Amino acid sequence: MQYVFEPGFFTSGPVHVALAVGTVIAITSAVVGVFTVTRGQSFAGHSLADIATTGGSGAFLIGVNQFWGYLAFGAGAAAFMEMIGIQRRRGRDVATGVVLGAALGLAALFLYLGTQYSTTTGASFTILFGSIFVLTPSTVPALIVSALLALATVVALARVLLLTSLSPDIAAARGVPVRAVGAAFLMALAVSVALSAVIIGAVLSTALLIGPAATALRLAKSPVRAVITAAGLGVLAIWLGILLAYDSFYWPPAGRGWPVSFFVVTLIVGGYLVTYLHRDRRPHQNPEQQNIDAEQACSPA
Amino acid sequence: MTSDLLTLDHVGVRLGGRDILRDVSFGIRPGQFTGLIGPNGAGKTTLLKVILGLQPVTAGQVLIDGQPRSPRDTSIGYVPQKLGIEPDIPLRVRDVVSLGLDGHKFGLRLPSKTRRELVSDMLTAVGAQRYADARVGELSGGEQQRVMIAHALISQPKLLLLDEPLANLDISSEQGIVSVLARLARAEQVAVLLSAHDMNPLMPYMDRIVYVAAGRVAVGDTDEVVQPEVLSRLYGQHVDVIRVHGRILVVAAPEGVDEAEAAAEDAGVMR
């Protein structure tokens, strides 16, 4: 047992905070992620993460906690993307791409200036790859409240989001304010990305958003099960990631822990790949599915 | 006029300087099965969207039970064109049908036995109970149509609109869908307005036809409407109506025949 949990794991303050905050953020990201994948907005989610890098590096430059930078830039970019046409299927990638390009240029500048004027080493590393063990205690309540708000928004919109994914026209015909719902969801997405950026870094935050959700969507058929599976996988990846990162302090080169983000992302990608093995190992599809395939083969689609 | 469930009163739609619909007037009574027939691009989808309130009109008005339609009105069910449901949408067939009851509402709902039974009954009614637990995105086009019909009917609308539900279906699924619709329309007294570019699969079931061409409509029994004179006036060019083995084909005359025909008619020559 002591080889699994290295000495001090259960008594370390930073570990407690990391586990608590990590759990809340993993659940929020996974639930928001299920709807992000369902709505086909994974690229928008990833772009918001990259744009958050700009906010994080800007915040560092002016000496504000990075979370506020992630949040401000993510929310601002989400609003701008919504304004210039993310609600149209065809305009979506263009709107996202345009905003993304501009933001990354700024991130390069901010990181350059930040490291020029500061003696803090590893600032770029923290912004890009996260820092779950060195969370500023004063931001913890803000992190938890933001996570709960994003989660509550998506839960409140759940049925409407599903109906809109099924058909925006049906939703509109039944009086759903499709555009406002899309904008509210995009905001929840921006918040969730900013939160993941804090714990596993801006460039990797999509992994926590999309990974567990994509895996869950391959395993679970119904919306409720997909959401529960995704949340479970996200939490598991964070917990294992924290444990392995803590233990890695004793791995070579001894005395320097490996980054948490590395473990979290590897676990998430590994889990996703396992679902492919699982599918392929099935000898054959069930008879009903074969019928369906046969019917599809007959129809001149 | 007062007994009409749906009334279109001199409706016009003008988009980007082009008339998409011109002076469209007709009514639909409860329980009637109406075919909305016309070539691609004639304005069928626009007409359905006008009825649903998704497309604002530039002239005239649309009335449901003699009243303008309110946005949250559930008296109209709708099955859109080209469903193309993605396979990674986490909805089983029964989830989709259940969303037909309350998919427009905010917040969560608790599982309920009554709802589950209602969904099961609806799936049985459209013949989709066999794949009730399959992901909807993994079904064939015809199966998805049945599921979406169940989705639209479960809120017990008075009028069901279907946009090209027979497009891209093989002949047996085509007949299956039309007979399910006709049966449910009779049993539940639901008025059906179904758009199609080919009227033939609908012939045994249609009570009335609304023929759309070039943004105008002709309305009546199939025998009254599907006549060369009526349709030629609608298209603004000469068309022939050919009846072979109980099937009806509407074909445009080759270029040049128009004038020759007209000249021949003027001269009283029978062709």
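Residues numbered from 1 in each chain as written. Chains lettered and ligands numbered in written order. Predicted model: local features only at pLDDT ≥ 70, side-chain atom pairs only at ≥ 80, totals over all residues.

Asks: Lay out the overall build of chain A in plain terms, naming residues and giving numbers.
Replies: For chain A, the count of helices and strands is twelve helices and zero strands. In chain A, the succession of α and β elements from N to C terminus is α-α-α-α-α-α-α-α-α-α-α-α. Long-range contacts, defined as pairs at least 24 residues apart, comprise 74% of the intrachain contacts of chain A with a sequence gap of at least 6. (Helix = DSSP H or I, 4+ residues; strand = E, 2+ residues; numbered from the N terminus. Contact = placed C-beta atoms within 7 Å.)

Asks: An account of the confidence of the model for chain B is requested, with residue identities and associated values reported.
Replies: Low pLDDT marks stretches whose predicted atomic positions should not be read closely. When the pLDDT values of chain B are averaged, the result is 86; 92% of them are 70 or greater. Complex prediction metrics read pTM 0.85 and ipTM 0.86. (pLDDT = per-residue confidence, 0-100.)

Asks: How would you sum up the interface of chain A and chain B? Please name residues and give values.
Replies: Interface size is commonly expressed as the accessible surface area that is lost when the partners come together. Counting residues at the interface gives 36 residues for chain A, matched by 36 residues for chain B. Elements with a minimum of two residues in the side of chain A that touches chain B: α1 (13-38), α6 (140-166), α7 (168-173), α10 (223-247) and α12 (287-298) of chain A. In terms of residue count, α6(A) provides more of the side of chain A that touches chain B than any other element does, ten residues in total. Residues of the side of chain A that touches chain B, tallied by class, amount to 23 nonpolar, seven polar and six charged. (Nonpolar A, V, L, I, M, F, W, Y, C, P; charged D, E, K, R; others polar.)

Asks: How would you explain the packing of helix α9 (residues 205-219) of chain A against α10(A) if you had to name every residue and give the values?
Replies: All names here are of chain A. As a packed pair, α9 and α10 sit with axes 8 Å apart at the nearest point and diverge in direction by 130°. Considering the angle they form, α9 stands oblique to α10. For the pair α9 and α10, the crossing hand works out as right-handed. In this structure, α9 uses L208, P212, A213, T215, A216, L217 and L219 to contact α10, whose residues at the interface are A226, T229, A230, L233, G234 and A237. (Axes fitted to C-alpha atoms, helices over the stretch in contact; angles between N-to-C directions. Parallel < 35°, antiparallel > 145°, perpendicular 65-115°, else oblique. Left-handed = near helix turned anticlockwise from the far one by under 90°.)

Asks: Give me α1(A): which residues, what numbers.
Replies: Taking 1.5 Å per residue, 26 residues should reach 38 Å; α1(A) reaches 38 Å between its end C-alpha atoms and fits that length. Of the residues flanking the end of α1(A), it is G40(A), one or two places downstream, whose phi is positive at about 70°. (Expected span 1.5 Å × (residues − 1).)

Asks: For the sheet that holds strand β10 (residues 216-220) of chain B, give the residues involved together with the corresponding values.
Replies: Residue and element names in this part refer to chain B. With respect to topology, six strands assemble into an open sheet ordered β6-β7-β8-β3-β9-β10, the strand pairing being mixed. Strands at the two margins of the open sheet, each flanked by one partner only, are β6 (76-79) and β10. Across this sheet, the average inter-strand angle for adjacent strands is 15°, counted without regard to direction. As paired strands, strand β9 (residues 208-213) and β10 are joined by five bridges and run antiparallel to one another. What sits directly across from Y211, in β10, is A218. Packed on one face of the sheet, helix α1 (residues 44-52) meets β3 (33-37), β6, β7 (159-162), β8 (191-196) and β9 and runs near 150° to β7. (Pairing = 2+ DSSP bridges.)

Asks: Hey, could you go over the nonpolar core for me, with residue numbers and the actual values?
Replies: Note that soluble globular proteins tend to have their nonpolar side chains buried in a common cluster. By size, the foremost hydrophobic cluster in this structure holds 169 residues, and its most contacted members are V34(A) and Y211(B). Broken down by element, the residue count for this core peaks at 13 residues, all from helix α8 (residues 178-200) of chain A. (Core = buried A, V, L, I, M, F, W, Y, C linked by C-beta atoms within 7 Å. Buried ≥ 20, exposed ≤ 12 C-beta atoms within 10 Å, placed from the backbone.)

Asks: Describe the packing of α6(A) against α8(A), listing the residues and the values that go with them.
Replies: All names here are of chain A. Where α6 meets α8, the closest approach of the two axes is 9 Å, and the angle between their N-to-C directions is 145°. In this structure, α6 meets α8 at a crossing whose hand is left-handed. In this structure, α6 uses L143, S146, A147, L149, A150, T153, V154, L157, V160, L161 and T164 to contact α8, whose residues at the interface are V178, V181, A184, F185, A188, V191, S192, L195 and V198.

Asks: So what's going on with the pairing of β6(B)? Which residues, and what values?
Replies: All names here are of chain B. The alternating pattern of β6 places I76 and Y78 and G77 and V79 on opposite faces, both of which are buried. Of the pairings in the sheet, the one linking β6 to β7 comprises four bridges and is parallel in character. Each bridged residue has a counterpart across the sheet, and for Y78 the counterpart in β7 is L161.

Asks: Summarise the pairing of strand β12 (residues 247-252) of chain B; cite the residues concerned and give the values.
Replies: Residue and element names in this part refer to chain B. Within β12, only zero of the six residues are buried, which leaves it mostly out in the open. Here strand β11 (residues 239-244) pairs with β12 via six bridges, running antiparallel. Of the residues in β12, the one forming a bridge with I242 is L249. Adjacent in sequence and paired antiparallel, β11 and β12 are bridged by two residues, among which H245 carries a positive phi angle near 45°.

Asks: So what's going on with the sheet that holds strand β1 (residues 6-15) of chain B? Residues and values would help.
Replies: Residues and elements named next belong to chain B. Judged by pairing direction, the sheet is antiparallel, and its four strands sit side by side in the order β2-β1-β4-β5 without closing on themselves. Bordering the open sheet on either side are β2 (18-28) and β5 (67-68), each of which pairs with just one other strand. As paired elements, β1 and β2 share seven bridges and run antiparallel to each other. Of the residues in β2, the one forming a bridge with T7 is G27.

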